[in-house]
Amino acid sequence: MGESKMAALSFQPVVLWTDALVYLLLAALLAFSFYAIKREHLRAPWRQVRRRPLVMSSLVVLLFYIAIGLTDSFHFRKPLPVTEANQEIQYSPEVLSLLDWLLEDLKSNTERSYSAPLAAYAFTKEMITVEDGTQRRDYPRLVYGGAHLQHPETERSADLLALVLRGGTTGLVLAGILTGAFILRLSRHHRKGFGEMAGLVMRGECETAWKGILITLTSILILSAVVIPLSTQYHLFGTDKVGQDVLYLTLKGIRTGLVIGTLTTLVMLPFAVSLGIAAGYFRGWIDDLIQYLYTTLSSIPGVLLIAAAVLILQVYMDKNAEAFSSVTERADVRLLFLCIILGVTGWIGLCRLLRGETLKLRELEYVQAATALGVSNGAILVRHILPNVMHIILISVVLDFSGLVLAEAVLAYVGVGVDPAMISWGNMINSARLELAREPVVWWSLSAAFILMFGLVLSANVFSDGVRDAFDPRLRGRS
Amino acid sequence: MLSYIIRRIAYAIPILIGVNLLTFLLFFVVNTPDDMARLHLGMKRVTPEAMEKWKADHGYDKPIAFNPAAEGMAKFTHTIFYEKSIRLFLFDFGRADDGRNIGADIRQRMGPSLAIAVPGLIVGLLVNITAAMLIAFFRATYIDAYGVVLAVAMMSISSLFYIIGGQFIFSKTLRLVPISGYDTGWDAIKFIVLPVVVGLISGVGSGMRWYRTIFLEEIGKDYVRSARAKGLSELAVLFSHVLRNALVPILTGVVVVIPLLFMGSLITESFFSIPGLGSYTIDAINSQDFGIVRAMVFLGSVLYIVGLILTDISYTWVDPRVRL
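Numbers given to residues run from 1 along each chain, matching the order in which its sequence is written. Numbering of ligands from 1 and lettering of chains from A proceed in the order in which they are written. Given that this is a predicted model, residues contribute local features only at a pLDDT of at least 70 and side-chain atom pairs are listed and counted only at 80 or more, while totals for whole chains, interfaces and linings are drawn from all residues. Side-chain numbers come from the whole structure's heavy atoms, not from hydrogens or water.

Engineer: Can you help me understand the overall build of chain A in this one?
Structural biologist: Counting from the N terminus, the helices are DSSP H or I runs at least four residues long and the strands are E runs at least two residues long. When its secondary structure is counted, chain A shows 17 helices and 5 strands. If one aligns the C-alpha atoms of chain A with their principal axes, the spans along those axes are about 100 × 70 × 60 Å. Counting over 479 residues, chain A shows a buried share of 46%. Of the contacts formed within chain A by residues at least 6 apart in sequence, a portion of 71% connects residues at least 24 apart. Just so you have it, chain A exposes about 24100 Å², and 64% of that area is on carbon and sulfur atoms. Neither His nor the chain termini are counted; the positive set is Lys and Arg, and the negative set is Asp and Glu. Charge positions come from single atoms, namely NZ of Lys, CZ of Arg, CG of Asp or CD of Glu. Each charge class in chain A can be summarised by its mean position, and for the 42 positive and 40 negative side chains these summaries are 10 Å apart. The cut-offs for exposure are 20% and 50% of the maximum accessible area for each residue type, with area from a 1.4 Å probe on protein chains only; residues under the lower value are buried, those over the upper are exposed, and the others partly exposed. In what follows, residue pairs with any heavy atoms lying within 4.5 Å of each other are defined as contacts. Only the protein chains shown count as cover for residues, and the accessible areas themselves come from Shrake-Rupley with a 1.4 Å probe.

Structure below.
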């Protein structure tokens, strides 16, 4: 009895396919950082990246998105309440993530239908029964949005202003304390006075653009401090057709976007790298074969190849519906498959670049010396060629990311994107198209998806520009 | 020159065969005709007779690649592979699921697609190059820096946003042009303007940035320094030297997409309800009409290969140093 009670408190962890790959990607990233830290030729460009304020603030924003995406990548199932003694513990079929658990209020506080951002009343009129029993058509009060107000008409603006001011001040104070503590620690580290160090940071005379980082962090802190109280008492971005909080939906969309942007590259990288290097290094019939392969694949219009593959996957999934135990798992397999297909259409550019670079590298003295000394082909590829094309791989991975996030929305519109049951910006935009035709216009879920997507893609673009400028030897030294 | 073109065309044949085999594999082997019939007739409670009838109606009732029941050559010709895939080489696309002739539909829908795509390409090129030259003229000033920031910001906005926003502002709020639709003859202009403008705005960010890099690369070369040294004004250098030399990479980048203009744009056409090939494809995807998707895949790859050959030819045309 005691044992089952203990178990009832526990959760059943669920590792989805994409989760596992996200962990793998994280591990690979850490391993690469350890590899890069010891090597001067990889540290030098990083120093250049570190000095640029705009690039560093975009990195902070990216990390903020990644943190949200990661909390959304730990899944579990809640146990169902035990009804009888000694009964086996059953787990709920609904797969939740850490983010769902953190945002439990947002997730469960659903209204009946549309409501505008920060509204206290619903968007459409309904029949309401007043206290005296008579009925009239009017906008009903929301169940959660602004529920703490007695008279929303008069109190709402003052309440909103108070929440924003209180949140903003809290955020500012918090950011001030953190900044102070950070500069203090920095000054201890460099054995300088606090004032001197603060001056250095503010004038941007440090090795790292701390000013940009601190300003971005301060903005994020203030924004969060304003958003959190607002979203607990109101629906900050309104609610959608079934009354779901739009803020919750857009936050959930972050993971989908990140997964598509990163896992696609992870999936295609082994093919692109091995085939590209092999084609350039071995030449002859291997080169011909690989060139034929990628010319054939690239001559098929990308969207059509993706559409054909996704249609076929749909048929397969309908046929084997029993293989998936929950909607989440089904959607997850489809997401993974989409990443694979996007990878199949996306590896060609990188492969071509790597082939060209390897063709050049294999004629260089050090490779010829290695050949003359009898080093095997495999060893030459791994020790001499691969490290010297690393910058190309890195640049193309970072450059591809934002394009893939944008492509997700387009694919969702074409009808071959992620599973309709999965929350993604593409699906939000797709379902919101009809809302624009309503009178008055329902604009909030569309705008919310676009704004969060814009934030992610813009910071990714700025960051990737910085990375490219620093790592591309042709651009190094130029600004 | 002629022998080069013939060689390139000969080289295109194995690629087309590869595309054909790949689409065949995707559509008929991974996904059998039985699956297709079941998909169209609904997944549950499909009688075998209904499935056989659907397959016979759509010509999927033959063996996949080899017909042992037939005589002579018919062993190979009375198969799905021959009827559905080999015929693509003759541009015989067969019939769609609703019985319409795919080839006739494609020919009819090419016009509206081109009516959007050609003005879009020309206007886009003019605006992008002008903007990029302006920025290159003011290089290393605040105008350049803010221009690039603006370009990156514009690139970061989803193309869907531009379309939805454009329709909302110009059609719904200002009521300048109809929101969507198409007409024949000169009446079509009022339907074409908005898609072209939207396409221009959504492409100007990446286009301007791309051409700026090309211009800056040319400006760094020696002949530009000599031109300045002999006393030419910066504008004259830009227009008569830099622009002419930059046209080589610009032109070759443009030529490859010209044949693909026939395919139309999936998103633009379907948002603006233009009866072109893009919306044709998207409708086929949504109604899961594999025949049309297959035809479009084949057409797309043919046009892509034509584009590659044209690019090579245009190289020799704009740059006499290149000999084939």
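Engineer: Just to check I follow, could you spell out the interface of chain B and chain A for this structure?
Structural biologist: Many descriptions give the size of an interface as the accessible area lost when the pieces come together. Contacts between the two partners involve 43 residues from chain B, matched on the other side by 44 residues from chain A. The junction of chain B with chain A conceals about 3800 Å² of combined surface from both sides, 75% of it contributed by carbon and sulfur atoms. Each reported salt bridge corresponds to a side-chain nitrogen of Lys or Arg within 4 Å of a carboxyl oxygen of Asp or Glu. Across the contact surface, chain B and chain A share 1 salt bridge. Ionic pairing is found between Asp465 of chain A and Arg209 of chain B, a salt bridge with its closest N-O pair at 2.6 Å. Just so you know the grouping, Ala, Val, Leu, Ile, Met, Phe, Trp, Tyr, Cys and Pro go in nonpolar, Asp, Glu, Lys and Arg go in charged, and all remaining residues, Gly too, go in polar. Tallied by class, the residues present in the side of chain B that touches chain A amount to 28 nonpolar, 11 polar and 4 charged. The term buried area denotes the loss of accessible surface (1.4 Å probe radius) that occurs when two parts are joined, taken as the sum for both partners.

Engineer: Is there a simple way to think about helix H12 (residues 302-319) of chain A in this case?
Structural biologist: Think of an α-helix as turning once every 3.6 residues; residues three or four places apart then point the same way. Between its first and last C-alpha, H12 of chain A extends 26 Å over 18 residues, near the 26 Å set by a 1.5 Å rise per residue. For H12 of chain A, the set of buried residues is Leu304, Leu305, Ile306, Ala307, Ala308, Ala309, Val310, Leu311, Ile312, Leu313, Val315 and Met317 of chain A. Here the expected span of a helix is defined as 1.5 Å times the quantity of residues minus one.

Engineer: For this particular structure, what's the right way to read the pattern of salt bridges?
Structural biologist: Side-chain pairing between opposite charges can occur once the charged atoms of the two side chains come close. Inspection of every chain in the model, using the stated rule, returns 23 salt bridges over all chains. Residues Lys252 of chain A and Asp100 of chain A are paired through a salt bridge, measuring 3.1 Å at the closest nitrogen-oxygen approach. Placement of the pair is Lys252 of chain A in helix H10 (residues 246-282) and Asp100 of chain A in helix H5 (residues 98-102), with a sequence separation of 152 residues. The same class applies to Lys252 of chain A as to Asp100 of chain A, namely buried. For Arg212 of chain B, the salt bridge goes to Asp144 of chain B, with nearest N and O atoms at 2.9 Å. Here the residue Arg212 of chain B occupies a position in helix H9 (residues 189-219), and Asp144 of chain B occupies one in helix H7 (residues 142-155), the gap between them amounting to 68 residues. A relative accessible area of 7% means that Asp144 of chain B is categorised as buried.

Engineer: Explain the sheet that holds strand S2 (residues 75-79) of chain A here, please?
Structural biologist: Sheets are built from strands that pair by backbone hydrogen bonding, the pairs being arranged parallel or antiparallel. All names here are of chain A. Read across the open sheet, the 3 strands follow the order S1-S2-S3; overall the sheet is antiparallel. Among the strands making up the open sheet, the edge pair consists of strand S1 (12-14) and strand S3 (91-97). On average, adjacent strands in this sheet sit at an angle of 35° to one another, irrespective of strand direction. Criterion used throughout: strands pair if DSSP finds at least two bridges between them. Summarising the sheet, S1 and S2 pair through 3 bridges and their orientation is antiparallel. Looking at S2, one finds that Pro13 is bridged to Phe76. Every axis in this analysis is a line fitted to C-alpha atoms, fitted for helices over the stretch in contact. Angles between the N-to-C directions lie between 0 and 180 degrees.

Engineer: What exactly am I supposed to notice about the packing of aromatic side chains here?
Structural biologist: A ring pair, where both rings are aromatic, is described by two values, the distance of the centres and the angle of the planes. Residue and element names in this part refer to chain A. Stacked, edge-to-face and tilted labels apply to pairs of Phe, Tyr and Trp rings (six-membered ring for Trp) whose centres lie within 6.5 Å, assigned for plane angles under 30 degrees, over 60, and everything in between, in that order. Scanning the entire structure with this criterion turns up 12 aromatic pairs over all chains. With 5.3 Å between their ring centres and 85° between their planes, Phe123 and Trp444 make a pair best called edge-to-face. Taken together, the positions of Phe123 in the loop between helix H6 (104-108) and strand S4 (126-129) and Trp444 in helix H17 (residues 444-471) put the pair 321 residues apart, joining distant regions of the chain. Take Phe123: its relative accessible area is 17%, and that puts it in the buried class. Look at Trp444 and you get buried, because its relative accessible area is 3%.

Engineer: Hey, could you run me through the nonpolar core in this one?
Structural biologist: Across soluble globular proteins, you tend to see nonpolar side chains buried next to one another. Side-chain atoms within 4.5 Å are what join buried Ala, Val, Leu, Ile, Met, Phe, Trp, Tyr and Cys residues into a set we call a nonpolar core. One finds Trp425 and Ile429 of chain A together with Met296 of chain B to be the most contacted residues of the largest nonpolar core, which totals 160 residues. Looking at this core, the element that brings in the most residues is H10 of chain A, giving 17 residues. If near-sequence neighbours (up to four positions away) are discounted, Trp425 of chain A is found in contact with Tyr65, Thr250, Gly253, Ile254, Val405, Glu408, Ala449, Leu452, Met453 and Leu456 of chain A. Grouped together as the second largest cluster of nonpolar side chains are 21 residues, Ala131, Met133, Ala136 and Ala151 of chain B included.

Engineer: Would you explain the pairing of S2 of chain A in this entry?
Structural biologist: Taken residue by residue, a regular strand's side chains alternate between the two faces of the sheet. All names here are of chain A. Across the 5 residues that make up S2, a large majority, 4, are buried. Pairing of S2 with S3 involves 4 bridges; the strand directions are antiparallel. Paired with Pro79 across the bridge in S3 is Tyr91.

Engineer: Help me out: how do you make sense of the pairing of strand S5 (residues 135-138) of chain A in this one?
Structural biologist: Residue and element names in this part refer to chain A. As defined by bridge partners, S4 adjoins S5 across 4 bridges and the pair is classed as antiparallel. Bridged to Thr129 within S5 is Gln135. Hairpin connection between S4 and S5: a loop of 5 residues separates the two successive antiparallel strands, and Gly133 in this loop has a positive phi of roughly 95°.

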